[in-house]
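So the chains spell out like this:
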Amino acid sequence: MKCPFCGYEESRVIDSRPTDEGERIRRRRECLKCQKRFTTYEVIESLPIIVIKKDKSREVFNREKLLNGLLRACEKRPVSLESLEHMIDEIETVIQNSLDREVTSEKIGELAMDKLRQIDEVAYVRFASVYRQFKDITTFKEELNKLLEEK
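Residues numbered from 1 in each chain as written. Predicted model: local features only at pLDDT ≥ 70, side-chain atom pairs only at ≥ 80, totals over all residues. Heavy atoms only, no water.

Draft legend 1. A look at the sheet that holds strand E2 (residues 24–31). The three strands lie next to each other as E1-E2-E3, forming an open sheet whose pairing is antiparallel. Two strands close off the open sheet at either side, each with one partner strand: strand E1 (11–19) and strand E3 (37–43). Between one strand axis and the next, the sheet turns through 25° on average, direction left out of account. Bridge count between E2 and E3: seven bridges; the pairing is antiparallel. Counterpart to Arg-28 in the pairing with E3 is Thr-39. (Pairing = 2+ DSSP bridges. Helix = DSSP H or I, 4+ residues; strand = E, 2+ residues; numbered from the N terminus. Axes fitted to C-alpha atoms, helices over the stretch in contact; angles between N-to-C directions.)

Draft legend 2. Main features of the nonpolar core. Ranked by internal contacts, the top residues of the largest apolar core, which has 26 residues, are Leu-66, Leu-70, Leu-116 and Phe-127. The set of elements that each furnish at least two residues to this core consists of helix H1 (63–73), helix H2 (81–97), helix H3 (105–119) and helix H4 (121–131). Tallying contributions element by element places H4 first for this core, with six residues. (Core = buried A, V, L, I, M, F, W, Y, C linked by side-chain atoms within 4.5 Å. Buried < 20%, exposed > 50% of the residue type's maximum accessible area, 1.4 Å probe, protein only.)

See below:
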């Protein structure tokens, strides 16, 4: 960290404490050359996830949109809001860990279906029917057969 007084790049941390409910860390530093003290703030860098939609347009990932879709699929099903929030957290973590700043809506849908299949099969079929845009009963039946074969 460069000293704001003399420009020297070596300093030592005298005190560290979390601020803003743990979102930032305040560090009190002392320059090793001029011995003057200064404060720095450390924050986690969060890069937005960009979603590439089917029509090739791009928008910032919106967890509320995903949650709304999952809530519709889980309507009148024994799936808690907490488990859906946890599922979205896991999906976001997978995307963030992939180090890709852009992800297709198809990838997000596949991740959501994989997680939903583990939680509630009826909700999974509902979500898949909208996500995969089932055109007729045959497509719907094929998806159900795949689900039954896995058991």
